[in-house]
Every structure is written in structure tokens, then in C-alpha cells.
Amino acid sequence: MPDPQPLNNDLTAHCTPPPIDPTVATPARIYSYLLGGQDHFPADRAAAEKALQVMPVRDFARVNRAFLTRVVRHLAEAGLDQFLDIGIGLPAPGSTAQTALSVRPGARIVGVDNDPIVLAHAQARAHGEEPAPSDARIVAGDVRRPAQILENPEVRGRLDFDRPVAVLLVAVMHFVPDEDDPYGAVRTLMDAVTPGSALVLSQVTADLDPEGIHATAKAYARSSVKTAVRSSKEIAAFFDCLEPVDPGLVMLAQWRPDEQVLAGDERIGLYGGVALKP
């Protein structure tokens, strides 16, 4: 994950967007390309195409987005109306804001990202003729620095931490290597929220296809995107001391599947789960 760029965290302010380096691929722009979006550069497309040579990563993106949509819908229907989506990425169908607001029009969503183009898009929407929903905000931040996210005045101003918050880390932690203390980051975030809050997390695993996944990781690494492949046991550790929501930690296609799940999706090497803070 690239280092975060300095930015005025109040996206309602008139400020200059941070610099965008089109020569360095980023997870958000690669993901946009894989989902059929338009917000990417040659470096992002090259990284994605290298990965596609060894793994069906476009299917990974699709399955992951479908999981996000199902989870957010479930949590909103269960009563949660506050969402902190870290690594929110670029706009695409089935987003956290789109899904949550369709169930709970009063839901409050704060997205966090360190990709300058994601932040520039957010600022443009804030000042455009068709702004984002009034209860959706995107701020600069990096999951490797959770305290800075939690101290952000925009985060504190939009979310009430005296009430439950859904913390979303969807397809994020496999960009955080062990030397950046990924487990400590998740603990810091969950320590900050009240009981009844939820952790939503999905992560790439090599359990099904070690050779293919490690080849994909190498393809990403050549484009300056670091990845950390983890086993089911290592991914389950992110949920320590939390109460799992049925069906627990499973392959994404097995988490409360709907008509969007296609035959063969259970073979996509992504684990995911939801757990509540007791």
C-alpha cells in the first residue's frame, strides 16, 4: 500500500487535491480496472494484466464486491447505521454507501483511503452539481495508522462512537504486511468502538491455490504493490475476542450467498467474515 499523501481531511473545504503519480499502481485503481471502472492508468492496467496471467483476479474483485454488498445489507437490516469503510476505493456499483443508504436512508458512512485519486474524486463530488449523499464522507487515512483515522475530526464529527459502528476492512489487509502490525491495527480500531459494533474483513488466502496466489503476489510486487497472503488460521486471528456472525469465517461465496453468487465462486481464494464486539 503506498504511503498516504498529505491532504486537508475536510473534503468540504476548497483545497488542492494531492499529487497523483500515474506511474505507480495502487490497489484502488487496480480494483477499479478489474471491476470495469474507468479510473486507472497504464501502470494499474499493467499490474492487473500481469496478475490475470496467473490468476482470475477479475473474479476475485467481483466476488469480493458481492460479499461487501451482502454484508452491508445484512448489517443495515440488523440495525447498524454507522459504517467506517477503510480502503473504500473508487465508486462502483454495490458500494457501502449505495447499499447502506438503500436500506437505511439516514445511515452515516465515512470512507477512508490513501489513494490520491480516490480523494480527488471525493472532493469533486463534494463540490459538483450532483454531490455524494449528505451522510457519506471520504477522508484521507491509512489502516497502518489507525490512531490517525480515529482522531480525524471528520470521522469523529460524522460517526457517534457511543453507538455501534461497523468497521469495514474489505480486501485491505492483504496489502498490509506483518512488519506493519496488521493485527495491532485491527485491535486499535475495535478497541475504539462500543459493544455491538461489527468487524467486517476479507483477505486473500493461499489455502486453495498456493502456487497461483504467490505468483499473483509477485506480479503485484513488481508494480510497487505489496501483498501479504495469509492462511485461514492467520485471518481468523483478526477476529480474536469478537463474536462471529453465522456462518463465521468462510470463503466469500459461502457467506450468506444470494443470486449474485455464480457456480465455481467457492473456489475463489478469499476468506471473509463478520464478528461483533461483545
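It should be noted that the structure appears before, not after, this text.
Here's a quick rundown of the structure. Since the structure is predicted, the reported quantities are computational estimates derived from the model, not experimental observations.

Analysis parameters
- Residues numbered from 1 in each chain as written.
- Predicted model: local features only at pLDDT ≥ 70, side-chain atom pairs only at ≥ 80, totals over all residues.
- Heavy atoms only, no water.
- Helix = DSSP H or I, 4+ residues; strand = E, 2+ residues; numbered from the N terminus.
- Buried < 20%, exposed > 50% of the residue type's maximum accessible area, 1.4 Å probe, protein only.
- Contact = heavy atoms within 4.5 Å.
- Areas by Shrake-Rupley, 256 points an atom, 1.4 Å probe, with all protein chains shown as cover.
- Expected span 1.5 Å × (residues − 1).
- Core = buried A, V, L, I, M, F, W, Y, C linked by side-chain atoms within 4.5 Å.
- Axes fitted to C-alpha atoms, helices over the stretch in contact; angles between N-to-C directions.
- Parallel < 35°, antiparallel > 145°, perpendicular 65-115°, else oblique.
- Nonpolar A, V, L, I, M, F, W, Y, C, P; charged D, E, K, R; others polar.

Side note on the overall build of the protein
Check the secondary structure of the protein and you find 10 helices and eight strands. Here the protein holds 278 residues, and 53% of them are scored as buried. Contacts spanning at least 24 positions in sequence make up 75% of the contacts within the protein whose residues lie at least 6 apart. Carbon and sulfur atoms provide 52% of the accessible area of the protein, an area that totals close to 12,200 Å².

Here's the deal with helix H3 (residues 57–77)
For H3, built from 21 residues, the straight-helix expectation of 30 Å at 1.5 Å per residue is met to within 8% by its first-to-last C-alpha distance of 30 Å. Most of H3 is tucked away, with 15 of its 21 residues classed as buried. Positive phi shows up at Gly79, right after H3, with a value of about 120°.

A closer look at the nonpolar core
One finds Leu75, Phe83, Leu168, Val200 and Val274 to be the most contacted residues of the largest nonpolar core, which totals 42 residues. Elements with a contribution of two residues or more to this core: helix H1 (27–34), helix H2 (42–52), H3, helix H4 (96–103), strand E4 (166–170), strand E5 (198–204) and strand E8 (270–276). Grouped together as the second largest cluster of nonpolar side chains are 30 residues, Leu84, Leu159, Leu201 and Leu242 included.

Some remarks on the packing of H1 against H3
In the contact formed by H1 and H3, the axes pass within 9 Å of each other and the chain directions differ by 95°. Compared by their axis directions, H1 and H3 come out roughly perpendicular. The segment H1 lies against H3, with Tyr31, Tyr33 and Leu34 engaging Val57, Arg58, Ala61, Asn64 and Arg65. For the contact of H1 with H3, a count of residues per class yields five nonpolar, one polar and two charged.

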